[in-house]
Structure formats: structure tokens, C-alpha cells
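Breakdown of the fold
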Amino acid sequence: MNKALVIGTSFGGLEALKTIIPALPADFKLPILVVLHIGDNNNDSFVQYLNSTSQLCIKEAEEKDEIKKGYVYFAPPNYHMMVENDETISFSADPKVHHSRPSIDVLFESAAWTYKNRLVGVILTGLNQDGAYGLKAIKDYGGTTLVENPENAVASIMPKAALTKCDVDFVLELNEISNKLIELSAQD
């Protein structure tokens, strides 16, 4: 069975992801699924930027994409991204969760159900509480949980909410997260 990594962020997330994703090596063993709250805007320019600075393949996720290592899948605007039991991606236009679509909670909960203890979840900077329940689901299924230190995050609300809902495994500074993900990806 495969392992995977899910990341959720909103305000300040563009800069946070520019720090984390380019620091991951080409042989990074976990596929990455990302929910970045950007409203109705598309991810195109940001995806192109990350593709130019990263050793991984960055793309906006598509219906039925097979989740594979070496790829970073961004949720498209206005759709919840979910992980199916066959480790493919699906979408929903269900109502917003925590005023957001895509919702971090929706991705994290579906990924936790599929990957169980083989999932790593990360909450970064953000201005709402989306992701806190999803991170708890990851922890409840035996996955590994990381939160950006809210004291130094651009926006502390999202990391603080995650810390109140979940006994997380690691609270790290933004510049420490990539190294911890590399370490976790090497564990079997």
C-alpha cells in the first residue's frame, strides 16, 4: 500500500508552499495533495511557478487522476477534492465547509479514510479553522500530523485551530517542515 501527504493552507499559503515544495527532492516518495484557499482564482500561474522551481511535477488535479509519487496535485477552485479508495482523485461541488470550497477538511478526511496510518497531514498558515477536524481524522486513523508554528506563521488562526482539535506529532517552523517531510517519507 502507498503512502501520501496532504497539505492545507490559506492566507500566506503561497509563500509557505514556495518554501516547502521546491525543497523536496526529485525522489520524494510521497504523492502530495494540496488545498490552497485562493477563492475563485485559478492555480495556473502558481502551478507554472512551482514547476519552474521544483523537482516534482506540479499540476492542478483532474477527475480520476491516479495519485502517484513525484506529483503535487492542487485542488481546482470551487471543487472539493477527495481521495477515493482506489487512490484516485474525485471532485464534489457540495456546499462550502468553513466558507471554503475546496475544503481542507474534505480532502484530509477522505485521505485519512483511504490511507489510514500511511498518511501525513500538514496544516500551514491560514485565517480560518478549515483543516482542524481533518487533521484530527488523520491522527485518529494513525497518520502523522504536522502544524506550522502559529507564533511565526503569517496567519495563526488555522494552525492554532488545528492544535486545539488535535494532539499533533510535530509543531515546526516553516523552514523546518521540508526536512521533516523528507525524513518521514523515508520511513517504511
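Our subject is the structure that appears above.
In what follows, the accompanying structure is described.

Procedures and definitions
- Residues numbered from 1 in each chain as written.
- Predicted model: local features only at pLDDT ≥ 70, side-chain atom pairs only at ≥ 80, totals over all residues.
- Heavy atoms only, no water.
- Helix = DSSP H or I, 4+ residues; strand = E, 2+ residues; numbered from the N terminus.
- Buried < 20%, exposed > 50% of the residue type's maximum accessible area, 1.4 Å probe, protein only.
- Contact = heavy atoms within 4.5 Å.
- Areas by Shrake-Rupley, 256 points an atom, 1.4 Å probe, with all protein chains shown as cover.
- Lys, Arg positive; Asp, Glu negative; His and termini not counted.
- Charge placed at Lys NZ, Arg CZ, Asp CG, Glu CD.
- Pairing = 2+ DSSP bridges.
- Axes fitted to C-alpha atoms, helices over the stretch in contact; angles between N-to-C directions.
- Parallel < 35°, antiparallel > 145°, perpendicular 65-115°, else oblique.
- Nonpolar A, V, L, I, M, F, W, Y, C, P; charged D, E, K, R; others polar.
- Arc of directions from axis to C-beta.

Turning our eyes to something else, we now look at the overall build of the protein. When its secondary structure is counted, the protein shows 6 helices and 9 strands. Taken along the three principal axes of its C-alpha coordinates, the protein extends 35 × 35 × 30 Å. Looking at the protein as a whole, 55% of its 188 residues are labelled buried. Long-range contacts, defined here as pairs at least 24 residues apart, represent 69% of the contacts in the protein between residues at least 6 apart. Surface summary for the protein: the accessible area is close to 8300 Å², and the carbon and sulfur share equals 48%. When the 16 basic and 25 acidic side-chain charges of the protein are each reduced to a single mean position, those positions are 3 Å apart.

Let's shift gears to the sheet that holds strand S4 (residues 71–74). Pairing is parallel across the open sheet formed by 7 strands, whose spatial order is S3-S4-S2-S1-S7-S8-S9. Of all the strands in the sheet, just strand S3 (57–60) and strand S9 (170–172) have a single pairing partner and so form its edges. Taking each pair of neighbouring strands and ignoring which way they run, the sheet shows an average axis angle of 20°. In this structure, strand S1 (residues 4–9) lies alongside strand S2 (residues 32–36), joined through 5 bridges in parallel fashion. Residue pairing for S2: Ile 7 is matched across the bridge by Val 34. Docked against the sheet, helix H1 (residues 13–20) engages S1, S2 and S4, running at close to 160° with respect to S2.

The next point concerns the packing of helix H3 (residues 104–115) against helix H4 (residues 132–140). A pair of packed helices can be characterised by two numbers: the angle between their axes and the separation between those axes. At a minimum axis separation of 7 Å, H3 and H4 run at an interaxial angle of 10°. Between H3 and H4, the interaxial angle falls into the category roughly parallel. Here H3 contributes Asp 105, Phe 108, Glu 109 and Ala 112 to the contact with H4, which in turn contributes Ala 132, Tyr 133, Gly 134, Leu 135, Ala 137 and Ile 138. Classifying every residue of the contact of H3 with H4 gives 7 nonpolar, 1 polar and 2 charged.

Attention shifts here to helix H5 (residues 157–165). Structural remark: α-helix, 3.6 residues per turn; residues separated by three or four positions point the same way. Residues Met 158, Pro 159, Ala 161 and Ala 162 constitute the buried set of H5. The buried side chains of H5 occupy one side of the element, clustering within an arc of 160° when seen end-on. Looking at the buried side of H5, the elements it contacts are S1, H3, strand S7 (119–123), H4 and strand S8 (144–148).

Let us now look at the environment of Val 120. Mapped onto the elements of the fold, Val 120 is located in strand S7. When the C-alpha positions of Val 120 and Phe 108 are compared, they lie 9.6 Å apart, and in sequence the two are 12 residues distant. Residues contacting Val 120, with those up to four places away along its chain left out, are Ala 4, Leu 5, Val 6, Leu 30, Thr 144, Leu 146, Leu 181 and Leu 184.

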